[in-house]
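Fold and contact review
Listed below are the residues making up each chain.
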Amino acid sequence: MNIARNVSLKPFNTLGLEATAAALVHVSCVEELRLALDWAAAHSLPVLPWGEGSNLVPVGRIECCVIMQADATIEVLSDSAEQQQLRVCAGRNWHTLVQETVANGLFGLENLALIPGTVGAAP
């Protein structure tokens, strides 16, 4: 886990707007998330969870620790003829998840296709 200071958010928002975060960290597991939260608290920075930046209009300097979830893991919790239950990490692209579930015969999300963002933000 790497915590970067004074980072441009331009590559991380779909509008390509220039903004700067006091800190930016990509986390890929729960332990890294805990460490990032502890670091932000120790530096008196509020936390801003950030998906793919499709529902944000960042402007200027943002005095916070932006946390981006990099984990896109899918875990099958249960699988029967009647029901499938998945655990999907917040960093997975939402539309990709919909496409994958439909391709694998898991129906129910197809009417939510084309929503931009990540699983942790889009729904």
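In what follows, the accompanying structure is described. (Residues numbered from 1 in each chain as written. Predicted model: local features only at pLDDT ≥ 70, side-chain atom pairs only at ≥ 80, totals over all residues. Heavy atoms only, no water.)

As for the pattern of salt bridges
Which entries qualify depends on this criterion: Criterion for a salt bridge: a side-chain nitrogen of Lys or Arg within 4 Å of a carboxyl oxygen of Asp or Glu. Put simply, DSSP marks the helices as runs of H or I at least four residues long and the strands as runs of E at least two long, and each gets a number from the N terminus on. With a 1.4 Å probe rolled over the protein chains alone, any residue whose accessible area is under 20% of its type maximum counts as buried; one over 50% counts as exposed, and the rest are partly exposed.
As enumerated under the stated definition, the model contains 4 salt bridges in all. For Arg-34, the salt bridge is made with Glu-31, and the minimal N-O distance between the two is 3.8 Å. Taken together, the residues span about one helical turn, with Arg-34 and Glu-31 both in helix H1 (residues 30-42) at a distance of 3 residues. Residue Glu-31 is classed as partly exposed on the basis of its relative accessible area, which comes to 42%. Taking the shortest distance from any N to any O, the salt bridge between Arg-61 and Glu-63 comes out at 2.4 Å. A relative accessible area of 44% places Arg-61 in the partly exposed class.

Looking at the environment of Gly-108
Its location among the elements puts Gly-108 in the segment after helix H2 (94-103). Exposure remark for Gly-108: the relative accessible area of 46% places this residue in the partly exposed category. Linking Gly-108 and Val-98, residues 10 residues apart in sequence, is a C-alpha distance of 8.9 Å.

Side note on the state of the cysteines
To keep it simple, the criterion reads: Disulfides are defined as cysteine sulfur pairs within 2.5 Å.
Inspection of the entire model under this criterion finds 0 disulfides. Its sulfur unpaired, Cys-65 is 7.3 Å from the next cysteine sulfur, which belongs to Cys-64. For Cys-89, which is in no disulfide, the shortest distance to another cysteine sulfur is to Cys-29 and amounts to 9.9 Å.

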